[in-house]
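So you can see what is in the structure, the chains are spelled out below.
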Amino acid sequence: MPHPMPPLSIRAYTATSALGRGLDAHADALRSSRGGLSPNDFSSAPLDCWIGRVAGLEDEPLPAELAQWECRNNRLAWVALTQDGFMDAVRDARERYGASRVAVLLGTSTSSIGATEEGYRRLDHGRMPEDLHRPVLHTPHSLAGFVAAAFDLEGPCLTVATACSSSAKVFGNAERMIRLGLIDAAVVGGTDTLCDSVLFGFNSLELVSGEPCRPFDANRSGISIGEAAGFALLERVTDGSTGPLLIGYGEASDAHHMSTPHPEGLGAEIALRDALARAGIEAGDVDYINLHGTASQKNDDVEAALVARSFPATTRASSTKGFTGHTLGAAGMLEAAITLLAMRDGHVPANLGATTPDPLCGPQMAWTAEQREVRIALSNSFGFGGNNACLAFARVGEPA
Amino acid sequence: MSAALSVWVKGVGLWAPGAADWHAFCEIVAGRDAPGTEGRPMADVLPPNERRRAPESVLLAAAVAGQAVRMSGLEAAALPCVFASAHGDQAITDYMCATLADTPTELSPTKFHNSVHNAPAGYWTIATHCHASSSAVSGGETTFGAGLLEAATLAVADDRDVLLASYDIAGVGPLGEMTATTGPFAIALVLSPRADATAVRLDITPSPGNSGSQPTGDAWLDSVAASNPSAQAIPLAHALALARSTALRVAAARELDIHVDVELAA
């Protein structure tokens, strides 16, 4: 087991998803248990499902000086970066520490592959059309490259692409680099946008529901795919630090199967124990868990059993994918932001979408919203390839 | 200035066009052999049925990872692993984009789950029963340096031996013209945070600016180095193969190199 880690200060954070732009839009939707899923109007050929789409991106090009990065994924990242004073916080960190002392560590599953797909739909004599002749887009590193360029940052810059755990794992990358003194601050987070690869890909695996997803419902029928961007600025805790804390994280592998989780949730449980150990807390200290809860049959079976056997009933748990859809590589960061909001507002989000609880679920499940103090909270993110991550946060002022 | 990170190289694996493993590469570098005609990468860690079906990126990554772990004498099951690749499996991405453009509902589910950037990490951890953390990263054109920095950071921060595998395959189709990767290459290192008198030590320090690539002067090595982003490991591999203490700079990000002092075992 790892040693307890010094907590990190979350100096700023933000999220944009089908629930809206920025933290207040998310807090409002969560408070009123109002979801953001809508009938699919995105895929290039009809696909009968529901999606979590961010409205208006089509009409909002990037600033001219960033035009070479133009694509839906980077647009969504840009929209998110401009919320909640996040850009000012990053510029301030760059000013204080220097461009080479601030890292950009971002998670994504498909990055700007939507632009590559578009190029293939309108090839010019078998080649990428002229307007998409931009190599920076046709790589998983497009998002992190874009964000580093947008802030003119010159520190370590890394894309983590471990499917649906991607933007949770980057908190760990940042913690290690800060603890070892390689950097003083890190922009972490992630972005994934709707694209044919994931809509038709998950459809080919028969994992997509024809109705809005119902996490942990006994009659759930699969996932709804969404898009989101979110970011956080992490720094060391100082005397003047305000804001919430990252107190732990855990990462582990299932070693079981490429596209289905370990039947006993072995990797997920190791990631959980690892996160608790780094945070120096016990399961009973946890007030809220934002679950991975995709509404796929197997994920929810495994995760429901893990929560039921690991936590007391005083720990509350819910999946918020019924609000946003499964935002894949962005889910770790989006749900970290939702978890931080739960602590900020003393509001446990409802497990939206479920009407008939899966009998595997324990008494921890918050089927409807609850007003309650949340001092310490976890967020679970599990990905294809058996890649598991768990993040632990504390509200400001709470000792880790 | 003291190094930010010191790690000891417990194992090396390599596959390049003309060199099927680390030993063959060392023989070529030493002038005892010429680049040969290699076959498919030998990923003998994978079970035979997986090996037959695995995409090229998985074979390449698993082949070099297997070599490095074998040399280290460590148990793969206990090693956290970092799989780095600029572009992942470009052949699958090309297939996906072409299929999505024409017949999207006919997309192969197997190709889809093999298209994730962490497919090699997934297959590797399954084959080796590894429950430690596994990651899949990209640093674009500076992927090798970014991956080396990440793996060394993980080793020192968590005080654990760590497996790094950096791989890229040749680009194909319209995507291949964008990525400009002209051939496959992969390298793996098992890095230990603990002093080992019999192992080469790497002292790694981030250093602002990009100094550009350093040609080795050998035509074959330099052509391999230019073929894909993971092959930016060639100057380091060259130093390790010659067992020569030296100092290198490896690009790790835009305007960031890592300075690597390669110190031979005493």
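Residues numbered from 1 in each chain as written. Chains lettered and ligands numbered in written order. Predicted model: local features only at pLDDT ≥ 70, side-chain atom pairs only at ≥ 80, totals over all residues. Heavy atoms only, no water.

## Some details on the overall build of chain B
Thinking step 1. For chain B, the count of helices and strands is ten helices and eight strands.
Thinking step 2. Here chain B has a C-alpha radius of gyration of 18 Å; the compact-globule value for 266 residues is 18 Å, and the two agree.
Thinking step 3. The principal-axis extent of the C-alpha atoms belonging to chain B is close to 60 × 40 × 40 Å.
Thinking step 4. Per-residue burial for chain B yields a buried fraction of 61% across its 266 residues.
Thinking step 5. For chain B, the exposed surface amounts to about 9300 Å²; the carbon and sulfur share of it is 52%.
Thinking step 6. Taken as two groups, the 14 positive and 27 negative side-chain charges of chain B have centres that lie 6 Å from each other. (Helix = DSSP H or I, 4+ residues; strand = E, 2+ residues; numbered from the N terminus. Rg over C-alpha atoms; globule rule 2.2 N^0.38 Å. Buried < 20%, exposed > 50% of the residue type's maximum accessible area, 1.4 Å probe, protein only. Areas by Shrake-Rupley, 256 points an atom, 1.4 Å probe, with all protein chains shown as cover. Lys, Arg positive; Asp, Glu negative; His and termini not counted. Charge placed at Lys NZ, Arg CZ, Asp CG, Glu CD.)

## Quick notes on empty space enclosed by the protein
Thinking step 1. Under the defined criterion, the tally for this structure stands at five cavities of 30 Å³ or more.
Thinking step 2. Here the largest cavity defines a volume of roughly 460 Å³.
Thinking step 3. Every residue lining the largest cavity is counted, 36 residues in all, and those nearest its centre are S109, T110 and I113 of chain A together with T93 and S115 of chain B.
Thinking step 4. At the level of secondary structure, the elements contributing two or more residues to the lining of the largest cavity comprise α4 (113–121) and α7 (196–204) of chain A together with α4 (90–102), α5 (109–114), α6 (119–128) and α8 (173–179) of chain B. (1 Å grid on protein atoms, 1.4 Å probe; cavity = no way out; pocket = protein on both sides within 12 Å on 5 of 7 lines; lining within 4 Å. Points joined across faces, edges and corners; volume = space filled by probe spheres on them.)

## A closer look at the packing of helix α6 (residues 166–179) of chain A against helix α11 (residues 331–345) of chain A
All names here are of chain A.
Thinking step 1. Packing of α6 against α11 leaves a shortest axis separation of 5 Å and a crossing angle of 75°. One element, α6, and the other, α11, form an angle in the roughly perpendicular class. In this structure, α6 contributes S167, A168 and F171 to the contact, and α11 contributes A331, G332, M333 and A336.
Thinking step 2. Residues of the contact of α6 with α11, tallied by class, amount to five nonpolar, two polar and no charged. (Axes fitted to C-alpha atoms, helices over the stretch in contact; angles between N-to-C directions. Parallel < 35°, antiparallel > 145°, perpendicular 65-115°, else oblique. Contact = heavy atoms within 4.5 Å. Nonpolar A, V, L, I, M, F, W, Y, C, P; charged D, E, K, R; others polar.)

## Notes on the packing of aromatic side chains
What describes a pair of aromatic rings is the distance from one ring centre to the other and the angle between the planes of the rings.
Thinking step 1. Counting across every chain of the model gives ten aromatic pairs over all chains.
Thinking step 2. Pairwise contacts between aromatic rings join W69, W78 and F146 of chain A into one cluster.
Thinking step 3. One cation-aromatic arrangement involves K111 of chain B over Y95 of chain B; the distance from NZ or CZ to the ring centre is 5.1 Å. (Phe/Tyr/Trp six-rings, centres within 6.5 Å; stacked < 30°, edge-to-face > 60°. Lys NZ or Arg CZ within 6 Å of the ring centre and 35° of its normal.)

## Here we look at the state of the cysteines
Residue and element names in this part refer to chain A.
Thinking step 1. In the structure shown here, the tally under the stated rule is zero disulfides over all chains.
Thinking step 2. Free cysteine: C164, not disulfide-bonded; nearest cysteine sulfur from C195 at 12 Å.
Thinking step 3. With relative accessibility at 5%, the residue C164 sits in the buried group. (Disulfide = S-S within 2.5 Å.)

## Brief notes about the pattern of salt bridges
Residues and elements named next belong to chain A.
Thinking step 1. Across all of its chains, the model carries 49 salt bridges over all chains by this definition.
Thinking step 2. Residues E60 and R21 are paired through a salt bridge, measuring 2.7 Å at the closest nitrogen-oxygen approach. With a gap of 39 residues between them, E60 in the loop between β4 (50–52) and α2 (72–81) and R21 in strand β2 (residues 20–21) connect regions that are remote in the sequence.
Thinking step 3. A relative accessible area of 31% places E60 in the partly exposed class.
Thinking step 4. Given a relative accessible area of 30%, R21 falls into the partly exposed group.
Thinking step 5. Of the charged contacts in the structure, one is a salt bridge between R214 and D217, with a shortest N-O distance of 3.8 Å. Neither R214 nor D217 differs from the other in exposure class; each is buried.
Thinking step 6. Through salt bridges with shared partners, a single ionic network connects D24, D28, R31, R344 and D345. (Salt bridge = Lys/Arg side-chain N within 4 Å of Asp/Glu carboxyl O.)

## As for helix α1 (residues 23–31) of chain A
All names here are of chain A.
Thinking step 1. Those residues of α1 that fall on the buried side of the exposure criterion are L23, H26, A27, A29 and L30. What you see down the axis of α1 is that its buried residues fit within an arc of 165°, all on one side.
Thinking step 2. Residues of α1 that are buried make contact with β1 (8–17), β2, α10 (321–324), α11 and β13 (347–348).
Thinking step 3. Two residues or fewer past α1, S33 is found with a positive phi of approximately 50°. (Arc of directions from axis to C-beta.)

## Overview of unusual backbone geometry
Thinking step 1. A positive phi angle is found at A255 of chain A, which is not glycine, with a value near 55°.
Thinking step 2. Under the relative-accessibility criterion, A255 of chain A is labelled buried at 14%.
Thinking step 3. Of note in this structure, H129 of chain B is not a glycine but carries a positive phi near 55°.
Thinking step 4. In this structure, H129 of chain B sits in the loop between α6 and β3 (134–138).
Thinking step 5. A relative accessible area of 55% places H129 of chain B in the exposed class.

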